[in-house]
Amino acid sequence: MSDKDTPNLTPHTLTRYDDDLGALRSLLMNMGGVAEQHFDDALAYLLDGDAERGRVAMEQDYEIDRLETSIDELAIHIIARYAPTASDLRAIMAIVKAITDLERIGDKSEKLARIAEEVGPTLQSTSFATHFRVMGRIVKGMMHDALDAFVRQDYVAAEEIIRRDTHVNHEYNMVHDVLLDYMADNPNKGDLSLRMLYCMRAIERIGDHCANIAEYVIFQQKGIDTHRGDADEGKERTHI
């Protein structure tokens, strides 16, 4: 925040403001790191049968919730105490938006881990696993790069991350066709098919949340809500 933007704040208050903003960004990156590990642990259980990492994914969701609460409280404190304007206010609002996506990533990762035990053996014996691994690899890369772009405020990288979501949708559509064939060949395994559908949909939705975080970088830098906008043009849509 510049002195020009905040003529009523003393140098001491400006220092405290900068410290609070830095703490807000630090909490966001902590939450992003936890969400990233959460998803990685859930995939390890789903695809590799790593039960210990699956247990961590199921039991550590409270940490994401705790960080979300801390960020919300600090953001409210900063807005109420300092009345930030222009770019600083956009930065705070972008963080508040991003933590909602990170919290949902945590929720979906936890649920992935909880049903991994049921669908894991089927994954290993079918072509589901190959597509899930590809989807998971793309989404993990999107998540890491979206958080990095958020820190560096790199809107060019953010735009590229958003475009990557179409690759996730492509893999989703491929595994959707695999699921239809599996359901036709195994009509007595409806419950398992539904759980498989949830897994593939959860991974696809986590990719959407990563694209949302990338959008917030553009929002901060350009002051516009892209809603993917041009990035959606020609994008492959997912099957229902």
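Bear in mind that the values here come from a model prediction, so they are computed numbers and not experimental data.

A.B. asks: Where do I start with the overall build of the protein chain in this structure?
C.D. replies: Counting secondary structure elements, the protein chain contains seven helices and zero strands. Listing each helix as α and each strand as β along the protein chain from the N terminus yields α-α-α-α-α-α-α. A burial count over the protein chain gives 46% of its 240 residues as buried. Contacts in the protein chain between residues far apart in sequence, at least 24 positions, make up 81% of those at least 6 positions apart. With an accessible surface of roughly 11,500 Å², the protein chain has 51% of that area assigned to carbon and sulfur atoms.

A.B. asks: I would appreciate a short explanation of helix α3 (residues 61-82) in the present structure.
C.D. replies: For an α-helix, the turn length of 3.6 residues means that residues three or four places apart are oriented alike. Relative to the 32 Å expected for 22 residues at 1.5 Å per residue, α3 spans 32 Å between its end C-alpha atoms, a close match to the ideal helical length. Looking one or two residues past α3, alanine 83 carries a phi angle of roughly 50°, positive in sign.

A.B. asks: Even after reading the chapter, I still don't get the layout of surface pockets, so can you show me in this structure?
C.D. replies: Approximately 220 Å³ is the volume found for the largest pocket. Among the elements that make up the lining of the largest pocket, the one with the highest residue count is helix α4 (residues 86-125) (four residues). Residues belonging to the lining of the largest pocket are distributed by class as follows: six nonpolar, four polar and two charged.

A.B. asks: I tried to follow the packing of aromatic side chains on my own but got confused; where do I start?
C.D. replies: Per the counting criterion, the structure on display carries three aromatic pairs. A ring pair is formed by tyrosine 17 and tyrosine 82, whose centres lie 4.9 Å apart and whose planes are at 75°; its orientation type is edge-to-face. Of this pair, tyrosine 17 sits in helix α1 (residues 11-48) while tyrosine 82 sits in helix α3, and the two are 65 residues apart along the sequence. Note on tyrosine 82: relative accessible area 5%, which makes it buried.

A.B. asks: Which parts of the structure should I look at to understand the packing of helix α5 (residues 128-152) against helix α7 (residues 190-222)?
C.D. replies: When two helices pack together, their arrangement is given by the angle between the helix axes and the distance between those axes. Running from N to C, α5 and α7 point in directions that differ by 20°, and their axes come no closer than 9 Å. Between α5 and α7, the angle falls in the class roughly parallel. Crossing geometry of α5 relative to α7 is assigned as left-handed.

A.B. asks: For this particular structure, what's the right way to read the pattern of salt bridges?
C.D. replies: Note on pairing: side chains with opposite charge can pair once their charged atoms come close. Summed over all chains, the structure comprises 16 salt bridges. Close ionic contact of arginine 164 with aspartate 145 constitutes a salt bridge, the shortest N to O distance being 2.8 Å. Separated by 19 residues along the polypeptide, arginine 164 in helix α6 (residues 155-185) and aspartate 145 in helix α5 bring together distant segments of the chain. Residue arginine 164 is classed as buried on the basis of its relative accessible area of 18%. Looking at aspartate 145, the relative accessible area reads 28%, which means it is partly exposed. Taking the shortest distance from any N to any O, the salt bridge between glutamate 160 and arginine 164 comes out at 2.9 Å. You can see glutamate 160 and its partner arginine 164 sitting in helix α6, four residues apart, about one turn around the helix. The exposure class assigned to glutamate 160 is partly exposed, which follows from its relative accessible area of 35%. Each member of the salt-bridge network shares a partner with another, and the members are Asp40, Asp41, Arg53 and Lys140.

Rules behind the numbers
Residues numbered from 1 in each chain as written. Predicted model: local features only at pLDDT ≥ 70, side-chain atom pairs only at ≥ 80, totals over all residues. Heavy atoms only, no water. Helix = DSSP H or I, 4+ residues; strand = E, 2+ residues; numbered from the N terminus. Buried < 20%, exposed > 50% of the residue type's maximum accessible area, 1.4 Å probe, protein only. Contact = heavy atoms within 4.5 Å. Areas by Shrake-Rupley, 256 points an atom, 1.4 Å probe, with all protein chains shown as cover. Expected span 1.5 Å × (residues − 1). 1 Å grid on protein atoms, 1.4 Å probe; cavity = no way out; pocket = protein on both sides within 12 Å on 5 of 7 lines; lining within 4 Å. Points joined across faces, edges and corners; volume = space filled by probe spheres on them. Nonpolar A, V, L, I, M, F, W, Y, C, P; charged D, E, K, R; others polar. Phe/Tyr/Trp six-rings, centres within 6.5 Å; stacked < 30°, edge-to-face > 60°. Axes fitted to C-alpha atoms, helices over the stretch in contact; angles between N-to-C directions. Parallel < 35°, antiparallel > 145°, perpendicular 65-115°, else oblique. Left-handed = near helix turned anticlockwise from the far one by under 90°. Salt bridge = Lys/Arg side-chain N within 4 Å of Asp/Glu carboxyl O.

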